[in-house]
Amino acid sequence: AAQRDALAATAEENMRLLRESRRAAEALREADLRKDEFLATLAHELRNPLAPIRNGLQILRLSPDGPMAGNVRDMMDRQMTHLVRLIDDLLDVSRVSQGKIDLKRDRMTAQAAIQAAVETSRPLIDQLEHHFTLDLPEAPVWINGDLTRLAQVIANLLNNAAKYTPEGGRIVLSLSEDDGQAVIRVSDTGLGIDEDMLPKVFDLFTQLDRNLHRAQGGLGIGLALAQKLVHMHGGTIVARSGGLNQGSVFELRLPLSEAATHDRDTDAPVE
Ligand code: ADP
């Protein structure tokens, strides 16, 4: 009987191992599929801006001083900027995952990062005719951060709000203080995000499959990068949505700079 029990236990253990390796193989297949999809998207996204740039060159070659020349140059400039941004994001992702990004942290105001981000994202917001509201407190909100990186994170949230909201939507960016933290919220009236997809939007290469999304391009790396940069700042980032077509809210929390809490009265930086 003991032998039979031992045999049964071994058989059960074998079944468990088999199930486990099946699951692992399935996960690998999925990761592989995501990688294949990503490569296809990448090729597509890198190629897209090249066609108008090539057409532009053709036009400029035929009539370098024609009436269209100025517009054509502007268009080429925009396409190149887009291309450079995609490639910079790609480089950033690989640097972050290898731990090769160093933050240059300084005492700064959250307002400064927000203003820089708005400057970056304004053209897209305007182009899509969204109504944009900026809700900033008058008193500076002091944090310890890398201005360029935080501006990049916030600009990414703003660009997403613009991209994933049908034209003429409403986008609100607000800043407040809560519980020793600076709270930056970007909300939109757009496509929203299904509840089960909410945590996944921060995964690398995740792109929800909806037509409007593709219209503005992207690689599915912006939010993954944003989350990593925010964590490097000791902060958090979460997504909320009422569901499909109910808009989204992205909330970014960063620790307030220590000295700031002692110096509320004068609003001046403490050295
Ligand atoms: P990308 O925008 O390049 O696809 P991101 O990492 O910035 O990549 O975003 C990942 C995915 O999360 C997007 O493809 C989109 O499906 C979804 N998403 C992000 N922001 C929003 C938003 N404001 N509203 C609806 N969906 C969003």
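Going by an unreviewed UniProt entry, the chain carries the name histidine kinase and comes from Asticcacaulis aquaticus. The Catalytic activity (unreviewed entry) field of the UniProt record for the chain holds the comment "ATP + protein L-histidine = ADP + protein N-phospho-L-histidine."

1. Here we look at the overall build of the chain
From N to C terminus, the chain includes seven helices and seven strands. Expected size for 271 residues packed as a compact globule is a radius of gyration near 18 Å; at 24 Å, the chain overshoots this value by more than 25%. Burial statistics for the chain: of 271 residues in total, 39% are counted as buried. For the chain, the accessible surface area stands at approximately 16,100 Å², while carbon and sulfur atoms represent 52% of it. Of the charged side chains in the chain, 31 are positive and 40 negative, and the gap between their average positions amounts to 7 Å.

2. Concerning the packing of helix H5 (residues 147-163) against helix H7 (residues 222-232)
Where H5 meets H7, the closest approach of the two axes is 10 Å, and the angle between their N-to-C directions is 145 degrees. Where H5 crosses over H7, the handedness of that crossing is left-handed. Here Arg149, Gln152, Val153, Asn156, Leu157 and Asn160 of H5 lie close against H7, whose contacting residues are Gly222, Leu223, Leu225, Ala226, Leu229 and Val230. Considering only residue class, the contact of H5 with H7 consists of seven nonpolar, four polar and one charged.

Conventions we followed
Residues numbered from 1 in each chain as written. Predicted model: local features only at pLDDT ≥ 70, side-chain atom pairs only at ≥ 80, totals over all residues. Heavy atoms only, no water. UniProt positions renumbered as here; feature names shortened; annotations may be inferred. Helix = DSSP H or I, 4+ residues; strand = E, 2+ residues; numbered from the N terminus. Rg over C-alpha atoms; globule rule 2.2 N^0.38 Å. Buried < 20%, exposed > 50% of the residue type's maximum accessible area, 1.4 Å probe, protein only. Areas by Shrake-Rupley, 256 points an atom, 1.4 Å probe, with all protein chains shown as cover. Lys, Arg positive; Asp, Glu negative; His and termini not counted. Charge placed at Lys NZ, Arg CZ, Asp CG, Glu CD. Axes fitted to C-alpha atoms, helices over the stretch in contact; angles between N-to-C directions. Left-handed = near helix turned anticlockwise from the far one by under 90°. Contact = heavy atoms within 4.5 Å. Nonpolar A, V, L, I, M, F, W, Y, C, P; charged D, E, K, R; others polar.

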